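# Summary of structural features
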Amino acid sequence: VAVAHSLPLAWQGHLDNLPEEGWDWAIEDGMRAHDARGDTMSALAIIVLPEHQGQGLGRVMVGAMRAIGERRGHTRLVVPLRPTLKAQYPLTPMARYVRWRDAEGFPFDPWLRLHVRLGADIVGVCSRAYRVEGTVAQWEERTGMSFPESGAYIVPGALHPVDVDLAAGHICYVEANIWVSHSIQSDGGA
């Protein structure tokens, strides 16, 4: 009913220096981790089947990632977080969206709010977390939309508009996410 993906990072920097590339960077850096042992792991995805959402499984999966990190000697879990409601506000810049709060003062976005309630710190926006490029024909087939002229288009499910260049026959989507960081407490046991 749920699956989580994470990987250790080779990176050993300060949280203030997490890169703008987010998810794409975490995949690349994680591929180098077998050669260099860092103290940080990155979450890549948590997926809960729609019929099981809202039952606390996201919390369980974050806890499982943290437990794996602790067993492997990591001290923190970073997450290039893709906010669940951001696609409803594709014209709002992520830097503004991340500041939105609910009536209790927690983040407006429920996925970001869950991480904060679990003790995560919001580190900042990774403005180029995920990049998808393709031909206009590929995008039209996948989205069921037509792109009759160059410019920015809102695509259902996308957090930001896609950029269409008809002369080049090319579409580029660059997604911003939010870096959050969980401390992984260790009791010294491995």
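Presented here is a report on the structure given in the accompanying data block. Every chain begins its residue count from 1, and numbering advances along the sequence as written. With pLDDT at 70 or above as the cut-off, local features in this predicted model cover only qualifying residues; side-chain atom pairs require 80 or more to be listed or tallied, and sums for whole chains, interfaces and linings still use all residues. Excluding hydrogens and water, the side-chain values take into account all heavy atoms of the structure.

## Some remarks on the packing of aromatic side chains
This is how the line gets drawn: Ring geometry is summarised as follows: Phe, Tyr and Trp rings, the Trp one being its six-membered ring, pair when their centres sit within 6.5 Å, and such pairs are stacked at plane angles under 30 degrees, edge-to-face over 60 and tilted between the two. Starting at the N terminus, helices and strands are each numbered in turn, a helix being any DSSP run of H or I of at least four residues and a strand any DSSP run of E of at least two. The buried label applies to any residue whose accessible area, calculated with a 1.4 Å probe on protein chains only, is under 20% of its type's maximum; exposed applies above 50%, and partly exposed to all values in between. Look at NZ for Lys and CZ for Arg. If either is within 6 Å of the ring centre and within 35 degrees of the ring normal, a charge sits over the ring.
Following the criterion strictly, the structure yields ten aromatic pairs and no others. Each ring, one from W25 and one from W179, has its centre 6.0 Å from the other, and the planes form 80°; the classification is edge-to-face. Pair noted here: W25 is in helix α1 (residues 22-32) and W179 is in strand β7 (residues 170-183), with a separation of 154 residues, a long-range link. W179 matches W25 in its accessibility class, with the two residues each being buried. Relative to Y97, the ring of Y89 lies with its centre 6.2 Å away and its plane at 40°, an arrangement referred to as tilted. The structure contains a cluster of three or more aromatic residues connected by ring pairs, namely Y89, Y97, W100 and F108. Sitting over the face of the ring of F106, R117 holds its NZ or CZ atom 4.3 Å from the ring centroid.

## Quick notes on the layout of surface pockets
To be explicit about the condition: Using a grid of 1 Å spacing that covers the protein atoms alone, one calls a set of points a cavity when a 1.4 Å probe fits there but cannot get out, and a pocket when the set is open and has protein on both sides within 12 Å along at least five of seven lines; lining residues are those with an atom within 4 Å of a point. Grid points are joined across faces, edges and corners, and a volume is the space filled by probe spheres set on the points. When residues are sorted by character, Ala, Val, Leu, Ile, Met, Phe, Trp, Tyr, Cys and Pro go into the nonpolar class, Asp, Glu, Lys and Arg into the charged class, and all the rest, Gly among them, into the polar class.
In this structure, the largest pocket spans a volume of roughly 830 Å³. Lining the largest pocket are 31 residues, and of these I46, R82, T84, W111 and H115 lie nearest its centre. Of all the secondary-structure elements, those providing two or more residues to the lining of the largest pocket are β2 (40-48), α2 (57-71), β3 (76-81), α4 (110-117) and β7. The class makeup of the residues in the lining of the largest pocket is 17 nonpolar, nine polar and five charged. Computed from the structure, the second largest pocket encloses a volume of approximately 180 Å³. In this structure, the second largest pocket is lined by 13 residues; those nearest its centre are V132, W139, T143, V155 and Y173. When residues of the lining of the second largest pocket are traced back to their parent elements, those giving at least two are β4 (121-135), α5 (136-143) and β7. Broken down by element, the residue count for the lining of the second largest pocket peaks at three residues, all from α5.

## What about the pairing of strand β6 (residues 162-165)?
So the rule is basically this: Pairing between strands is defined by DSSP: at least two bridges between the two strands are required.
Burial along β6 is one-sided: V162 and V164 are buried, while D163 and D165, pointing the other way, are not. Where β6 and β7 come together, three bridges link them in antiparallel fashion. Looking across to β7, one finds that D163 is bridged to C172. Between the antiparallel neighbours β6 and β7 lie four residues, among them G169 with a positive phi of about 65°.

## Concerning the packing of α2 against α4
Helix packing for two helices is described by the angle between their axes and how far apart those axes are. Applicable threshold: Note on definitions: angles span 0 to 180 degrees between N-to-C directions of axes, and those axes are lines fitted to C-alpha atoms, for helices only across the stretch in contact. Roughly parallel means an angle under 35 degrees; roughly antiparallel means over 145; roughly perpendicular covers 65 to 115; every other angle is labelled oblique. In this scheme the handedness of a crossing depends on how the near helix is turned from the far one: anticlockwise by less than a right angle means left-handed, clockwise means right-handed. Any two residues having at least one pair of non-hydrogen atoms within 4.5 Å are treated as being in contact.
The contact between α2 and α4 brings their axes to 11 Å, and the two run at 50°. As summarised for this structure, α2 and α4 are arranged oblique, according to the angle between their axes. Taken as a pair, α2 and α4 cross one another with a handedness that is right-handed. Between α2 and α4, the contacting residues are G58, R59 and V62 on the first element and W111, L114 and H115 on the second. When grouped by side-chain class, the residues that make up the contact of α2 with α4 number three nonpolar, two polar and one charged.

## A look at the pattern of salt bridges
Our working rule: Think of a salt bridge as a Lys or Arg side-chain nitrogen and an Asp or Glu carboxyl oxygen that are within 4 Å of each other.
This model, assessed by the stated rule, comprises seven salt bridges. Across the pair E21 and R128 runs a salt bridge, and its minimum N-O distance is 2.7 Å. With E21 in the loop between β1 (2-8) and α1 and R128 in strand β4, the pair connects residues that are 107 residues apart, well separated along the chain. By relative accessible area, R128 is classed as partly exposed at 40%.

## Regarding α1
Put simply, the test is: Throughout, the arc means the angular range of directions from the helix axis out to the C-beta atoms.
Those residues of α1 not exposed but buried are G22, W25, A26, D29 and G30. With its buried residues spanning 130° around the axis, α1 presents them on a single face. Across α1 from its buried face, at more than 90 degrees, point the exposed residues E28 and M31. Packed against the buried residues of α1 are β1, β2, β3, β4 and β7.

## Details of the state of the cysteines
Among covalent bonds in proteins, the disulfide is the one between the sulfur atoms of two cysteines. Convention followed: Only a pair of cysteine sulfur atoms within 2.5 Å qualifies as a disulfide here.
Taken as a whole, this structure holds zero disulfides when the rule is applied. Free of any disulfide, C126 has its nearest cysteine sulfur in C172, 16 Å distant. We classify C172 as buried; its relative accessible area is 13%.

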